[in-house]
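# Observations on chain architecture
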2 protein chains.
Amino acid sequence: MSEALRLLEYEFLEYVKKMSAFSEALSLIYWDLRTGAPKKGADQRSEVIGILSSEVFKMSTSEEMAAYIVKLSSAKDLSEVTKKTLEECKKEYDRNRKIPAEEYKEYVILQSKAECIWEEAKAKSDFELFRPYLEKLVEMNKRFIGYWGYTGNKYNTLLDLYEPGVTVDILDRVFTKLREKIVPLIKAIFESPNKPKTDFLFKRFPKEKQREFSLEILKQMGYNFDAGRLDETVHPFAIGLNPGDVRVTAKYDENDFRTAVFGTIHEGGHALYEQNISSSLIGTPLCTGTSMGIHESQSLFYENFVGRHYSFWKKNYDLLKKYANGQFDDVELDEFYRAINESKPSLIRIEADELTYPLHVIIRYEIEKGLFNDEINVRDLPQIWNDKYEEYLGIRPDSDANGVLQDVHWSGGSFGYFPSYALGYMYAAQFKQTMLKELPNYDELLESGNLLPIKEWFTEKVHQFGKMKKPLEILQDVTGEGLNAKYLIDYLYEKYQKVYQLS
Amino acid sequence: MSEALRLLEYEFLEYVKKMSAFSEALSLIYWDLRTGAPKKGADQRSEVIGILSSEVFKMSTSEEMAAYIVKLSSAKDLSEVTKKTLEECKKEYDRNRKIPAEEYKEYVILQSKAECIWEEAKAKSDFELFRPYLEKLVEMNKRFIGYWGYTGNKYNTLLDLYEPGVTVDILDRVFTKLREKIVPLIKAIFESPNKPKTDFLFKRFPKEKQREFSLEILKQMGYNFDAGRLDETVHPFAIGLNPGDVRVTAKYDENDFRTAVFGTIHEGGHALYEQNISSSLIGTPLCTGTSMGIHESQSLFYENFVGRHYSFWKKNYDLLKKYANGQFDDVELDEFYRAINESKPSLIRIEADELTYPLHVIIRYEIEKGLFNDEINVRDLPQIWNDKYEEYLGIRPDSDANGVLQDVHWSGGSFGYFPSYALGYMYAAQFKQTMLKELPNYDELLESGNLLPIKEWFTEKVHQFGKMKKPLEILQDVTGEGLNAKYLIDYLYEKYQKVYQLS
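Because the structure is predicted, anything quoted here is derived from the model rather than measured.

### Considerations on the overall build of chain A
Each helix and strand in chain A was counted, giving 20 helices and 3 strands. In terms of overall dimensions, chain A is globule-like: its C-alpha atoms have a radius of gyration of 23 Å, near the 23 Å expected for 503 residues. The dimensions of chain A, computed from C-alpha atoms along their principal axes, are 70 × 50 × 50 Å. Out of the 503 residues belonging to chain A, those deemed buried represent 57%. By sequence separation, contacts in chain A at least 24 residues apart represent 74% of the contacts at least 6 residues apart. In the structure as shown, chain A presents an accessible area of about 20900 Å², 49% of it carried by carbon and sulfur atoms. Taking the average location of the 66 positive side-chain charges in chain A and that of its 80 negative ones, the two points are 0 Å from each other.

### Examining the relation of the copies chain B and chain A
These two copies of the chain differ by a rotation about an axis and a displacement along the same axis. Superposing chain B onto chain A takes a rotation of 179 degrees plus a shift of 0.0 Å along the axis, which leaves an RMSD of 0.1 Å. Here the transformation between the copies is reduced to the relation of a two-fold axis. When C-alpha positions in chain B are compared against the rotation axis, the closest is assigned to B:Ala25, at 3.2 Å. The overlap is high: 100% of the interface residues of chain B also sit at the interface in chain A, so the same surface is used on both sides.

### Structural notes on the side chain of B:Ser214
As for its position among the elements, B:Ser214 is in helix H9 (residues 207-221). Beyond its immediate sequence surroundings of up to four residues, B:Ser214 is in contact with B:Leu230, B:Ala260, B:Val261 and B:Thr264.

### So, the packing of H9(B) against helix H10 (residues 258-275) of chain B
Packed helices, taken two at a time, are described by the angle their axes make and the gap between the axes. Residues and elements named next belong to chain B. Where H9 contacts H10, the two axes come as close as 10 Å, and the packing angle between them is 30 degrees. In the packing of H9 onto H10, the handedness of the crossing is right-handed. Contact with H9, carried on its side by Gln210, Phe213, Ser214, Ile217, Leu218 and Met221, involves Ala260, Val261, Thr264, Ile265, Gly268, Gly269 and Leu272 of H10 and no other residues of that element. In terms of residue class, the contact of H9 with H10 is built from 8 nonpolar, 5 polar and no charged.

### As for the state of the cysteines
All names here are of chain A. Tallied over the full model, the rule gives 0 disulfides over all chains. The thiol sulfur of cysteine 89 is not disulfide-bonded, and the nearest other cysteine sulfur, from cysteine 287, lies at 14 Å. Judged by relative accessible area, cysteine 89 falls into the buried class, the value being 7%.

### Some words on the environment of A:Lys470
All names here are of chain A. Structurally, lysine 470 can be placed in the loop between helix H18 (452-461) and helix H19 (471-479). Looking at lysine 470, the relative accessible area reads 30%, which means it is partly exposed. Sequence spacing of lysine 470 and glycine 165 is 305 residues, and the spatial spacing of their C-alpha atoms is 7.6 Å.

### So, the sheet that holds strand S2 (residues 238-242) of chain A
Residues and elements named next belong to chain A. Taken in spatial order, the 3 strands of this open sheet run S1-S3-S2, and their pairing is mixed. In this open sheet, the two edge strands, each paired with only one partner strand, are strand S1 (230-232) and S2. Averaged over all adjacent pairs, the angle separating strand axes in this sheet is 25 degrees, with direction ignored. Contacts between helix H1 (residues 3-33) and the sheet are confined to S1, S2 and strand S3 (245-250), with S2 contributing the most and set at about 145 degrees to the helix. Docked against the sheet, helix H10 (residues 258-275) engages S1, S2 and S3, running at close to 170 degrees with respect to S3.

### Here we look at the domain arrangement of chain A
All names here are of chain A. The assigned domain composition of chain A is domain 1 (3-97) and domain 2 (199-344 + 441-469). Its C-alpha centre places domain 1 at a distance of 31 Å from the equivalent point of domain 2. With 16 residues of domain 1 in contact, the opposing surface of domain 2 contributes 17 residues. Carbon and sulfur atoms make up 68% of the area that domain 1 and domain 2 hide from each other, which totals about 1500 Å². The salt bridge partner of lysine 467 is glutamate 88, with a shortest N-O separation of 3.6 Å. If you look at where domain 1 meets domain 2, you find 4 residue pairs in polar contact (both at pLDDT 80 or more). Counting only elements with at least two residues in the side of domain 1 that touches domain 2, the list comes to H1 and helix H4 (80-97). If one sorts the elements of the side of domain 1 that touches domain 2 by residue count, H1 sits on top with 8 residues. Across the side of domain 1 that touches domain 2, the residue classes break down as 6 nonpolar, 4 polar and 6 charged.

### Topic: the packing of helix H16 (residues 419-438) of chain B against helix H19 (residues 471-479) of chain B
All names here are of chain B. H19 packs onto H16 with a crossing angle of 25 degrees between their chain directions and a minimal axis gap of 9 Å. Between H16 and H19, the angle is such that the two are roughly parallel. Crossing angle aside, the handedness with which H16 passes H19 is left-handed. On the side of H16, the interface is formed by Tyr427, Gln430, Phe431 and Thr434, while H19 contributes Pro471, Leu472, Ile474, Leu475, Val478 and Thr479. By residue class, the composition of the contact of H16 with H19 is 7 nonpolar, 3 polar and no charged.

### Considering the nonpolar core
Here is a general trend for soluble globular proteins: nonpolar side chains tend to be buried in one another's company. In terms of nonpolar packing, the biggest core is built from 136 residues, with B:Trp313, B:Phe336 and B:Ile454 touching the most fellow members. Ranked by size, the runner-up nonpolar core spans 130 residues in total, among them A:Ile189, A:Phe305, A:Trp385 and A:Leu483.

### Remarks on the packing of aromatic side chains
All names here are of chain B. Counted by the stated rule, this structure contains 81 aromatic pairs over all chains. Here the aromatic rings of phenylalanine 257 and phenylalanine 336 are separated by 6.2 Å at their centres, their planes lie at 25 degrees, and the arrangement is stacked. Residue phenylalanine 257 is found in the loop between strand S3 (245-250) and H10, and its partner phenylalanine 336 is found in helix H13 (residues 333-340); the two are separated by 79 residues along the sequence. Under the relative-accessibility criterion, phenylalanine 257 is labelled buried at 0%. Sitting over the face of the ring of phenylalanine 465, lysine 469 holds its NZ or CZ atom 4.1 Å from the ring centroid.

About the thresholds
Residues numbered from 1 in each chain as written. Chains lettered and ligands numbered in written order. Predicted model: local features only at pLDDT ≥ 70, side-chain atom pairs only at ≥ 80, totals over all residues. Heavy atoms only, no water. Helix = DSSP H or I, 4+ residues; strand = E, 2+ residues; numbered from the N terminus. Rg over C-alpha atoms; globule rule 2.2 N^0.38 Å. Buried < 20%, exposed > 50% of the residue type's maximum accessible area, 1.4 Å probe, protein only. Contact = heavy atoms within 4.5 Å. Areas by Shrake-Rupley, 256 points an atom, 1.4 Å probe, with all protein chains shown as cover. Lys, Arg positive; Asp, Glu negative; His and termini not counted. Charge placed at Lys NZ, Arg CZ, Asp CG, Glu CD. Least-squares fit on C-alpha atoms with pLDDT ≥ 70 in both. Axes fitted to C-alpha atoms, helices over the stretch in contact; angles between N-to-C directions. Left-handed = near helix turned anticlockwise from the far one by under 90°. Nonpolar A, V, L, I, M, F, W, Y, C, P; charged D, E, K, R; others polar. Disulfide = S-S within 2.5 Å. Pairing = 2+ DSSP bridges. Domains from an automatic or database assignment. Buried area = accessible area lost by both parts, 1.4 Å probe. Salt bridge = Lys/Arg side-chain N within 4 Å of Asp/Glu carboxyl O. Polar contact = N/O pair within 3.5 Å; in protein donor to acceptor, adjacent residues only side chain to side chain. Parallel < 35°, antiparallel > 145°, perpendicular 65-115°, else oblique. Core = buried A, V, L, I, M, F, W, Y, C linked by side-chain atoms within 4.5 Å. Phe/Tyr/Trp six-rings, centres within 6.5 Å; stacked < 30°, edge-to-face > 60°. Lys NZ or Arg CZ within 6 Å of the ring centre and 35° of its normal.

Okay, here's the thing in C-alpha cells:
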C-alpha cells in the first residue's frame, strides 16, 4: 500500500474516532438523563443532544466521508478493522444519503409528533387518534424502501436495519415452527391442574436489599465492577460507553423482587457483551454488539438459561433468603422454582413470560410484514391484532391500550425491530446446545456459582468480535448451522412439561 | 441593522451555542469522572475529552470566528447579550491566537509533564526536582505576557485571566492592609488563654447521616434540588452544566463532620450562583459566574457568614445533634460555636481557618508578583516561602512538601489565580455590609432558618448577570464603592475578639 494511502487510512480512522467520541459523550448524556439528571436541566440537555447528534449525522454523510469511502474501498492491504469500519460507514452513508434531505426532515418531525400522539392515544385507548400518524409513518417507510431498494421482500430492508442478513424467508420458517409448537404447549399448561403457587413472591422486599442481592449476582456472572456500575432507573437498560465503562440500571418494585432481580440479570447479560468486546475496536463503529438479536441472545441467555434455571437457584436461594424479609422462609426451593417459571397468557408483551413471549413477537412480525407488503391496512390493525391474540394466546384485548397501542416502537417508526426479541431467544437456545458439548458440566457450574466459564465461552465465541462478524456468521461459526427453531422448542418443552408436570 | 447583519448575528449565536453544547458535554464528563465513573473506562474517556476540547479550541480560534468578530464588532444595534458574547469570544480569540501554535503545543506538553513531576517532587519533598519545570513554566508565561501585552505591571495580564479588572495596584493596597491587621490579631489569639475546646468535634459521625444533614442545609439555603443533586467525591466541587443542572459534591470524613458540612455549604454557595443565572444567557459563554473571585465570594459568604455564624447554629444545632451520634449531647451551643471557629496558624492553605487563610494567599501573591517582575528567582522560592510563613504566620515549614510544593496550581501554569481566593473573602464581607442595610434582620433570618431572602438578594444583585457584568462592576453597583479591605477586617476583628474573648 502506498504511503499516501496509508496516510488516508490513518486520517479516516481519526475521523471515525471523532464520531465515536461524540457518540460516547451522547451515551453518557443518555445514561445521565435516565439515572438522576435534575429535571430542570433536561430542556437544555436536549439541545446538547440535538447538536451533538446532528454533528455525528453530518460527519456520517459528509463529502469527506464520501471521499474516504471511494478512495479506500479500492485499496488493498487495509487492516480487517479498517475494512469492516469502512463497510459500516458506507452502509450508514448510503442509507442516509439516499433519502432526500427534505423528506428526512419531514420524517424526523413526524416521528416526534407521532410519539406524542401515541402517548395520548394510549392514555385514551383510542387507536383512531394515532391512526393517521401510523399511516404516514408506514407510507414514508415504504418510500424509503423505494430509495434503499430491496431483495426478495420489501420488509427485508427494514429487518436489515436491526438484524443484518435475516430475511422474511428465514423468519417465516422459524416463526411458523415456533408458533405451531408453542400454541399447543400453552394450551396444555392452561389445562394442567398442576399450577404453581405464586402468592409468596409478592411480599415486601426492601429496595436496598434487592440491590445488594442483585450486586452479588452480577459479581457471580463475571460483570466487572471496575468497568461498570449499577444505578436505578424507570425503564431499565444497559449501556456501553466503551468496553471499560458499561453500566447497568435497574428498576425496583418492593412488592415484586423479580422486576429488579431478573431485570438486572437480563441487563447484566447485555453488559457482559459490551464489556468483553476487543479493545482493539475502541474508537470505531465496530465496538458494540453486532445486532439487536445477538445482543438479546446474551441478555436472554442469562435471564432464562441461567437466572431461571433450577441449578442457579440451588446455589442462590439461600442467599436470596438472606436478603429477603422472611418471605421465602416457608417456601421450598422446588416451589420457588416453579413460581418464578409460571407461564400464563397475557396481553402485554413486556410482562410476558419466556414461553408466551415469542407469540407476542410473532404477532407483531406478521402484522409488519403484512403492512409493508400491502396485505394489511393500518385502519384494520385493532381488529387484526385482537384476532391474532385470541387465536395464538387464547385471550382477547379489551382495549386498544392493552392491544395495538401498547408498544412505543411504531410511533418512533421502528418497523423490523420486534423480530430481534424472538431471534435472541432462538440464538440463545442454539448457543446453549453447542455450549453443552463444550461445557457438559453446565448444571454443576450453576450449582457451584461458578459462572465464569460461561462468560469466557461467550467472550471467545461472541463478545470479542463486536461488529466484526454479522449475526448469522456468528451463529454459523459457533453452532455449525443456520438458524434453527428446534433448540428453543426443545428447551421450552422439556422445561415446561416439568414445571407443569405434564404427562 | 440590515437583514444580512441580523442573519450574521443569528449564525454567530448558533456557532456559539454549538461551542456551549460541547462544553456542557465536557462538564458532564468531568462530573462523571469525579463521582463514580468506572476506572477502566477512564483512558478512553480522556480521548473523548481531548477530542471535544480540541473541537472547542478550534472553534474559538477559527477563521469563521475571526470573521464574526470583525464583521459584528462594527455593527450597531446588537443585543446586549450578543455584544458581551462577542467581547468574550474576542478576548478568547486574541489570547489563543497571539501565542504561536508551536509554543502553545510545547506549553501544553510542559504542563502535563510538570504536573507529574510536581506530584513526585511533593511525595519526595524535593523542590529541586520540580525547579526546572517551574522555571520553564514561569519563562513561558513571561513570553506569553510579551505576546499578550500588559498595562502597568506584567503580572496584571495574569491576574486578568481570573479576575478581569483587578490589578497589582489594587491588590497591593488591600493586601497590605489585610496583612497589617490580621498578623497582630493572630498574635493576640495565639497569646489568649481563652482557647476553645475542640475534642468533641472529632467523633464518629456516620457518612449517611452527615449527608442527610447536609441535604437539609442545602434545602435551607434555597438550593433547588430539581436543578441539582449531591454526590460523593474526593476533591469536592460544584459544577454548573446549565442553570437547570448545577451539581454539588462532597467528601465525607467520618471522624470530622466539618469536612462535609462546611464543604457542602461552600459548594452550595457556588451552586446557588450558577442556578440563578438568567436563563436568557443559556447557550452563550456568559452563562457562568463572572470571575473566580466573585464565585468565591458566594461560596465563602455561605460558608462563613452563614455557616459559621452563631445565629445559624442557634437554628441548626439541634438538627445536627439529631443526625449525630451523641457526640454533641453534652456540648453547649456556645462551646460548639467557638470550636468551629477555632483559629490557629497552620502550614497548609486548604486546611486553614478563615482568619489565617488570607495570609496564605498573600504569601503566594507576593511571590508570584516577584517572579513576574524579575525580583524573585525560582531557585530561591523555598527560602522565601519559609521566611514569609515565619514572618506572617509565626510558623516555619519543616519541608518543601509542607511548604512551597503544597499547591498544584503552579505545576499547571496557573499564575494569578491565588488572589481570587482572598478577593472572594473581601467581596463577601463588602456585600454583607450592604446587605445588612437592606436586610437589617439578617441575624433573625439565620435564626429562623429563613435563608431565602439572602439568596434572592444575591440573585438580584449578582447571580442573574452571569458574565454580563465584570467583577468590579458588580462590586461597585452593589456596594457603591470599589474594593475595600476594611469590611473583612472589621468582621474578623469583631468575630475573633469575641471567640477568643480578647479585651
